[in-house]
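# Architecture and fold: a report
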Amino acid sequence: QVQLVESGGGLVQAGGSLRLSCAASGDTICISAMGWYRQAPGKERELVAAITSGGSTNYADSVKGRFTISRDNAKNTLYLQMNSLKPEDTAVYYCNAICRGVIRFDYWGQGTQVTVSS
């Protein structure tokens, strides 16, 4: 079993930066990919960025050039560096991990609020 604990959310002005962290614990050896999702009020949850165990990354078009996903395998920690934040980035951000075992299983963090004021 994997537990994900997020931190780093908060309130910032447009143009500012935040760095989200997601600490993974438990059976982390099972993780094949991790990512950040977000959900704004009235909208569906969407993938923001993802990274595989091999280091390949993928970003939503809306955040390319502004956000960077990275990981520290030694610390079992996932990061999302968010620069040039816009009001439309306001959402609850969730850490996700995909595990491969007998069956696939997705783990989720509790979510952290990011609010960008204009």
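Going by the structure above, here's the rest.
Let me sum up the structure you'll find in this document. (Residues numbered from 1 in each chain as written. Predicted model: local features only at pLDDT ≥ 70, side-chain atom pairs only at ≥ 80, totals over all residues. Heavy atoms only, no water.)

## Quick notes on the overall build of the chain
Spelled out, the test is: Here a strand is any run of E in DSSP of at least two residues, a helix any run of H or I of at least four, and the numbering for each starts at the N terminus. Accessibility here uses a 1.4 Å probe with only protein chains present; expressed as a share of the type maximum, an area under 20% marks a residue as buried, one over 50% as exposed, and anything in between as partly exposed.
Helices and strands together make up the secondary structure of the chain, namely zero helices and 11 strands. From first element to last, N terminus to C terminus, the chain shows the α and β order β-β-β-β-β-β-β-β-β-β-β. Seen through its C-alpha atoms, the chain measures out along the principal axes to roughly 45 × 25 × 25 Å. For the chain, the proportion of its 118 residues judged to be buried stands at 42%.

## Quick notes on the sheet that holds strand β8 (residues 77-82)
Stated precisely, the cut-off is as follows: In this description, strands pair whenever DSSP reports at least two bridges between them. Orientation is described by lines fitted to C-alpha atoms, with helices fitted over the stretch in contact, and by angles between N-to-C directions that extend from 0 to 180 degrees.
Within the open sheet, the four strands sit side by side as β1-β3-β8-β7. Their pairing is antiparallel. Each end of this open sheet is capped by a strand with a single partner; those strands are β1 (2-7) and β7 (67-72). Direction aside, the axes of adjacent strands within the sheet are offset by 15 degrees on average. Of the pairings in the sheet, the one linking β7 to β8 comprises six bridges and is antiparallel in character.

## What to know about the nonpolar core
Quick reminder of the rule: Within this scheme, the nonpolar core is defined by two criteria: the residues are buried Ala, Val, Leu, Ile, Met, Phe, Trp, Tyr or Cys, and they are joined through side-chain atoms within 4.5 Å. Residue contacts are counted whenever heavy atoms from the two residues lie within 4.5 Å of one another.
The biggest cluster of nonpolar side chains holds 32 residues, and the ones touching the most others in it are Leu 4, Met 34, Trp 36, Leu 80, Met 82 and Tyr 93. A per-element tally of this core places strand β9 (residues 91-100) first, with five residues. In this structure Leu 80 touches Leu 18, Arg 19, Leu 20, Trp 36, Val 48, Ala 49, Phe 67, Thr 68, Ile 69 and Tyr 93, once residues within four positions along its chain are discounted.

## Looking at the packing of aromatic side chains
Note the following rule: Stacked, tilted and edge-to-face pairs are distinguished by plane angle, under 30 degrees for stacked and over 60 for edge-to-face with tilted covering the rest, among Phe, Tyr and Trp rings (Trp via its six-membered ring) whose centres lie within 6.5 Å. Here, a charge over a ring means that NZ of Lys or CZ of Arg falls within 6 Å of the ring centre while also lying within 35 degrees of the ring normal.
Taken as a whole and assessed by the stated rule, the structure comprises two aromatic pairs. Look at Phe 105 and Tyr 107: their rings are 4.8 Å apart centre to centre, the planes differ by 55 degrees, and that puts the pair in the tilted class. With a relative accessible area of 16%, Tyr 107 lands in the buried category. Lying over the aromatic face of Tyr 79, Arg 19 brings its terminal NZ or CZ to 3.9 Å of the ring centre.

## Observations regarding the state of the cysteines
Note the cut-off: Disulfides are defined as pairs of cysteine sulfur atoms found within 2.5 Å of each other.
In total, this model carries two disulfides according to the counting rule given. For Cys 30, the disulfide goes to Cys 99, at an S-S distance of 2.0 Å. Here Cys 30, found in the loop between β3 (18-26) and β4 (31-39), pairs with Cys 99, found in strand β9; they are 69 residues apart in sequence, far enough to count as distant. On the basis of relative accessible area, Cys 30 is assigned to the buried category, the value being 13%. For Cys 99, a relative accessible area of 4% gives the class buried.

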